[in-house]
Amino acid sequence: MMQMTKHTYDAVVIGAGFSGLYQLHTLRDQLNLKVKVIETGHDLGGTWYWNRYPGARCDSESHSYCYMFSEEIYKEWSWSERYPGPDEIRAYLNFVATKLDLRKDIQFDTTVTSAHFIEADNVWEVATNTGDTYRTTFLITAIGCISTANVPDIPGLSTFKGKWYHTGNWPHETVSFKGKRVGQIGTGSTGIQAAPVIADTAEHLYVFQRTPNYSVPARNAPLTDEFKEYVRNNYGEIKEVVQSTPNGHPFRISSTKVFDQTEEERQATYEAAWDKGGLQFRASFQDLIVDKKANDTAANFLKNKIKSIVVDKETAESLSNIDHPYAGKRPPIDTNYFETFNRDNVTLVDLKKENIEAITATGIQTNAGHIELDMIVFATGFDAITGKFLQMDIRGRQGLPLSDAWKEGPRTYLGLQTPGFPNLFTITGPGSPSVLCNMPVPIEQHVEWITDCIEYMRKHNIDTCEANQEAADEWVDHVNAAANATLLPTVPHSWYLGANVVGKPRVFMPYAGGMTRYRAICEDVVANNYNGFVFASDGIEENTNNRTNDKFAAAEKIQSPGI
Ligand code: N01
């Protein structure tokens, strides 16, 4: 029989990635709380513990994909490449964990199965798959946004005799593609990174493409000593930039609009951005994400690039036959992705021309024929942002399941709290800028906001903090308005909308109003007596100031969204 052990904590944090580690540090070392982090993985790293697929690499530049809260930590670590891979990110997080002595408060190999709010005691009772129960005043989810692998329900997968993998759940031991006929399904950011690396050693790679995608070269390279020196000497300036740009990246979005330039000037701008590589391409003009005509100029430039790289005309056509605006979906960056289709051992299977009917014992059957395979790689994405929440049985007041509260899609206030779930804080939760930003930036802001809120509560003997329903409703309206001010919701097959998961409500989940605007709103909420949050002690409401500020009502003013 499973042993039941009860533990009591001030705060339980779920997840030991970037957010969980920093949240542990602030609550334990700044507020002196008794904190436990519970983590499914055998080690820390979060997203980067699981995502070890071939070609995996972060598309934020390394000198900004890190904590900024400590100048000492920032300067002590030195990144080796322009974009860090999973091994180096895990090494970095281990360095931070050692420096701050975090490991001793992390329970690895343990999954939270349920979390119920016990109203009589104002505590959360958290149960795990190991049979432990934790009673805690504060429950904080640090579960990331893309941590629930989505394997499509294609008939026959269980009959496949070869090996199959999902990129987001990649084995820790090396997977060899040597001599293998590999089928890769999916051409999002992940598939675009994986295909060139798989093709390098596979006997043959078949890339099954449902929706063609834009991509810009990453231009990854080792960092020069000169650049490393620049990073070490310019902590303050780099921090200032990442915390004052809408997307948290270490570069500014241009203030020039597309049609402020002549055709010739525009081509030169795009060429320069293409040569520089990376997500900065998206920042070439101020209005790329809000004006379809402006966006078309970038889209056409990138489609022409594909046609100029890919030699086979039919393949080039299939790859460039893109039906959505550039960066309407998360824009990938790559290393030799389109060039890969010039290899003799790579075939594009265009799922706009043929359908996958089934997976068989020996391959994939489409309506155009059977493709013999030894291995299948699913680069098919995630049940993003809400998936992990709904895997846990989370219940708030009166036993309300989170799955009911979010039946029509997630409804939060600032992405930080859901009405009916007191003292549950959600780092980079739905309705926050999260995936539209360079993630460590919103993570640090959330962790610090939550820490300040808890500190305030303790100072004022407040038992519970809970988002007000009206505030959450207004926030959801604002999140929708912010999205609708951009081209992002016009892409029907985007995971931002939950469209990639069968049965998931179609709701635009991240906040597209930009990290700078979001940060200002959060600060304003605090300055106005935690406007929109209800504080209560002994069951009596302390603040009745529950109207939200009107700062976020003017969504039509959104010109440069948070990406
Ligand atoms: O997932 P995706 P991803 N049959 O959902 C296809 C982050 N990330 O893992 O577009 C056939 O974008 C699907 O087709 P369609 C980043 O935020 C970050 O690539 O739905 N195809 C699509 O092509 C990113 O956005 C880094 O028509 C099917 C693909 O699978 C997020 O992770 C690196 C299918 C899924 O693309 C997710 O990216 C990599 C089916 N049944 C990723 N089902 C960094 O560097 C799905 N597809 C930080």
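Look up: the structure comes first, before these words.
Quantities reported herein were computed from a predicted structural model and do not represent experimental measurements.

**Q** Help me get a handle on the overall build of the protein, residues and values and all.
**A** Summing up its helical and strand segments, the protein has 16 helices and 21 strands in all. For the protein, the C-alpha radius of gyration of 24 Å lies close to 24 Å, the compact-globule estimate for 563 residues. Principal-axis analysis of the C-alpha atoms gives the protein an extent of 70 × 65 × 45 Å. Counting the 563 residues in the protein, one finds 59% classified as buried. Partitioning the intrachain contacts of the protein with sequence separation of at least 6 by distance along the chain shows that 72% fall at a separation of at least 24. Carbon together with sulfur atoms contributes 47% to the accessible area of the protein, which is approximately 22,200 Å² in total. Averaging the positions of the 53 positive and the 70 negative side-chain charges in the protein gives two centres separated by 2 Å.

**Q** Which residues make up the site of the ligand, and what are the values?
**A** Near the ligand there are 24 residues, and of these Arg57, Asp59, Thr190, Thr211 and Lys329 occur at the shortest range. Take threonine 187: an N or O atom from its main chain is 2.9 Å from an oxygen atom of the ligand. When isolated, the ligand has an accessible area of 910 Å², and the protein chains bury 91% of it. Sorting elements by how many residues they give to the shell around the ligand places helix H5 (residues 189-201) first, with three residues.

**Q** Describe in detail the nonpolar core, supporting the description with residues and values.
**A** One finds Tyr92, Ile140, Phe281, Leu414 and Trp449 to be the most contacted residues of the largest nonpolar core, which totals 131 residues. Ranked by the residues each element gives to this core, the list is headed by helix H14 (residues 440-459), at eight residues. Those residues within four positions of leucine 414 in sequence are excluded, and the remaining contacts are Gly431, Ser432, Trp475, Tyr518, Ile521, Cys522, Val525 and Phe533. With 19 residues, the next largest nonpolar core counts Tyr134, Ile394, Leu402 and Trp406 among its residues.

**Q** Could you give an account of the sheet that holds strand E12 (residues 346-350), naming the residues involved and the relevant values?
**A** Strand order across the open sheet formed by five strands is E7-E16-E8-E9-E12, with parallel pairing between neighbours. Edge positions in the sheet fall to strand E7 (163-166) and E12, since each of these pairs with one other strand and no more. On average, each strand axis in the sheet is inclined to that of its neighbour by 15°, with strand direction left out of account. On the sheet, helix H10 (residues 313-320) packs against strand E9 (204-209) and E12 and is oriented at approximately 55° with respect to E12.

**Q** Explain the packing of aromatic side chains to me, and be specific about the residues and the numbers.
**A** Under the defined criterion, the tally for this structure stands at 43 aromatic pairs. Ring centres 5.8 Å apart and planes at 50° place the aromatic pair tyrosine 22 and tyrosine 67 in the tilted group. Residue tyrosine 22 is found in helix H1 (residues 18-30), and its partner tyrosine 67 is found in the loop between helix H2 (47-50) and helix H3 (71-76); the two are separated by 45 residues along the sequence. Assigned by exposure class, tyrosine 22 and tyrosine 67 land together as buried. Pairing tryptophan 77 with tyrosine 92 gives two aromatic rings, centres 5.5 Å apart and planes at 65°, and the pair type is edge-to-face. Taken together, the residues tryptophan 77 in the loop between H3 and helix H4 (86-99) and tyrosine 92 in helix H4 connect sequence positions 15 residues apart. Side by side, tryptophan 77 and tyrosine 92 carry an identical accessibility label, which is buried. Cluster of aromatic residues (ring-pair linked, three or more members): Phe18, Tyr22, Trp48, Tyr65, Tyr67, Phe69, Trp77, Trp79, Tyr92 and Phe95. Looking at arginine 52, its charged tip hangs above the ring of tyrosine 49, at a distance of 5.0 Å from the centre.

The rules behind the values
- Residues numbered from 1 in each chain as written.
- Predicted model: local features only at pLDDT ≥ 70, side-chain atom pairs only at ≥ 80, totals over all residues.
- Heavy atoms only, no water.
- Helix = DSSP H or I, 4+ residues; strand = E, 2+ residues; numbered from the N terminus.
- Rg over C-alpha atoms; globule rule 2.2 N^0.38 Å.
- Buried < 20%, exposed > 50% of the residue type's maximum accessible area, 1.4 Å probe, protein only.
- Contact = heavy atoms within 4.5 Å.
- Areas by Shrake-Rupley, 256 points an atom, 1.4 Å probe, with all protein chains shown as cover.
- Lys, Arg positive; Asp, Glu negative; His and termini not counted.
- Charge placed at Lys NZ, Arg CZ, Asp CG, Glu CD.
- Near = heavy atom within 4 Å.
- Polar contact = N/O pair within 3.5 Å; in protein donor to acceptor, adjacent residues only side chain to side chain.
- Core = buried A, V, L, I, M, F, W, Y, C linked by side-chain atoms within 4.5 Å.
- Pairing = 2+ DSSP bridges.
- Axes fitted to C-alpha atoms, helices over the stretch in contact; angles between N-to-C directions.
- Phe/Tyr/Trp six-rings, centres within 6.5 Å; stacked < 30°, edge-to-face > 60°.
- Lys NZ or Arg CZ within 6 Å of the ring centre and 35° of its normal.

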